[in-house]
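Observations on chain architecture
The residues making up each chain are set out below.
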Amino acid sequence: MTTAPAGDAVAEFAAAKINLALHVTGQRGDGYHLLDSLVTFADIGDRLTFTPSDRDTFTLSGRFADDLPYHDDPETGNLVLKARNRLRAAAAQTGSPCAPVHIHLEKNLPAASGIGGGSADAAAALRGLVRLWQPGLDEKSIHAIALSLGADVPMCLASHPLIARGIGDTIQPATGFPRLDLVLANPLQPIATPAVFRALENRHNPPMALGDQPEDQQRDWIALVRQSRNDLQRPANRIAPVIDAVLDALSSSGASLSRMSGSGATCFGLFSDRESAHAAADRLSHARPDWFVTATATVAAGEEHHG
């Protein structure tokens, strides 16, 4: 591991993505699952810096840096480097040169944990490199690159409360969605998303009961979260039964709602205020020092991230 580069660098924050609800509503002929997902973004995440260099380099630091690949293999490589390569290739089609760059990733989020760490990193790479390179690509082209990197990357490119449908490519803002105080807990047992989907018994479940989207009504949004579900929670728990223990620990710590995020194994607990969340996180982290536990606040609709 190395320290982040100094000097005249572009910086981007890769916010953790929290799936407050995830309904699996069908499956396409090509195997992709159809989803209804209510997503928000936390004030914790990874950090990336982009510095002009005489050659392409990639460095890593942070608690979970050792869990990631350093290479850009098309199949098994780091998503940050895949994002760099695909953005550069798209820019080359328009005659825009993209100079070598030193990318540094501070990896603070656990890998394969259901909070969009890799997708958030790839989205932050696209945002940062667009700022650095000014490749002249329009928003539609950037979105297409994001989707080619994974179904979650367009959501992370937006990084504001949203509702995602289809395979995750149809996105609308969750207007008026409130700030939430959460505790995130992960037993540091990675779970592969494809394995969770394979363990899913029913792929045709009811969609979210959205109706008319609430606007500026915190109570209505929270009610929607409560009446929704995560259809991947049960199959993920069959793969990693410790998820039930994490959910129980969050509830015992005072969470008014506890649920798994994404394909797991990160779970979130909803708290009434910042103080309650931080006190619960302190208790839980002392009880389970072998877990990843943190209190966090999410960004409200219309707010900007300052991570």
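Further up the page is the structure itself.
The rules behind the values
- Throughout this document, residue positions are counted from 1 along each chain, in the order its sequence is written.
- Side-chain atom pairs in this predicted model are given and counted only at pLDDT of 80 or more, local residue features only at pLDDT of at least 70, and totals for whole chains, interfaces and linings cover all residues.
- As a rule here, side-chain values come from all non-hydrogen atoms in the structure, and water together with hydrogens is ignored.
- We call a set of buried Ala, Val, Leu, Ile, Met, Phe, Trp, Tyr and Cys residues a nonpolar core when their side-chain atoms join them within 4.5 Å.
- Note on exposure labels: buried denotes an accessible area under 20% of the residue type's maximum, exposed denotes more than 50%, and partly exposed covers the range between, all computed with a 1.4 Å probe on protein chains only.
- Secondary structure elements follow DSSP: runs of H or I of four or more residues count as helices, runs of E of two or more count as strands, with numbering from the N terminus.
- Pairs of residues are marked as contacts when any of their non-hydrogen atoms sit within 4.5 Å.
- To obtain each axis, a line is fitted to C-alpha atoms, and for helices this fit is confined to the stretch in contact; angles are then taken between N-to-C directions over 0 to 180 degrees.
- Should an angle fall under 35 degrees it is taken as roughly parallel, and over 145 as roughly antiparallel, whereas 65 to 115 is taken as roughly perpendicular and any remaining angle as oblique.
- Note: crossing handedness is left-handed where the near helix turns anticlockwise from the far helix by less than a right angle, and right-handed where it turns clockwise.
- Each aromatic pair joins two rings of Phe, Tyr and Trp (for Trp, the six-membered one) with centres within 6.5 Å, and gets the label stacked for planes under 30 degrees apart, edge-to-face for over 60, and tilted for any other angle.
- Strand pairing follows a simple DSSP-based rule, namely that at least 2 bridges must link the two strands.

**What about the nonpolar core?**
The biggest cluster of nonpolar side chains holds 40 residues, and the ones touching the most others in it are Phe 41, Leu 48, Phe 50, Leu 87 and Ile 103. At 8 residues, helix 2 (residues 117-133) tops the list of elements feeding residues into this core. Setting aside chain neighbours within four positions, we find Leu 87 in contact with Leu 126, Leu 129, Val 130, Trp 133, Pro 135, Leu 137, Ile 142 and Ile 145. Ranked by size, the runner-up nonpolar core spans 29 residues in total, among them Leu 247, Met 260, Ala 265 and Val 293.

**Topic: the packing of helix 2 against helix 3 (residues 139-149)**
Packing of helix 2 against helix 3 brings their axes to within 10 Å, and their N-to-C directions diverge by 150 degrees. What the angle tells us is that helix 2 and helix 3 run roughly antiparallel. Considering how the two elements wind past one another, helix 2 and helix 3 form a crossing that is right-handed. Where helix 2 abuts helix 3, its residues Ala 122, Leu 126 and Val 130 lie against Ile 142, Ile 145, Ala 146 and Leu 149.

**So, the packing of aromatic side chains**
Applying the stated criterion across every chain yields a total of 3 aromatic pairs. Relative to Tyr 70, the ring of Phe 58 has its centre 6.3 Å away and its plane inclined at 65 degrees; by these criteria the two rings are edge-to-face. With a gap of 12 residues between them, Phe 58 in strand 3 (residues 57-61) and Tyr 70 in the loop between strand 3 and helix 1 (79-93) connect regions that are remote in the sequence. Residue Tyr 70 is classed as partly exposed on the basis of its relative accessible area, which comes to 40%. Aromatic pair Phe 64 and Phe 292: ring centres 5.9 Å apart, planes at 70 degrees, arrangement edge-to-face.

**Some points on the side chain of Thr 294**
With respect to the helices and strands, the residue Thr 294 is situated in strand 10 (residues 292-297). Every residue in contact with Thr 294, bar those within four places of it in the chain, is listed here: Ile 44, Leu 182, Val 183, Leu 184 and Ala 281.

**With respect to the pairing of strand 1 (residues 10-27)**
For strand 1, the buried fraction is high: 15 of the 18 residues fall into the buried class. In the sheet, strand 1 pairs with strand 2 (residues 33-52) via 15 bridges, with the strands oriented antiparallel. Note on strand 2: the bridge partner recorded for Ile 18 is Thr 40. What sits between strand 1 and strand 2 in their antiparallel hairpin is a turn of 5 residues, with Gly 31 showing a positive phi close to 100 degrees.

Note that every value here comes from positions in space, so none of it alone points to a role or purpose.
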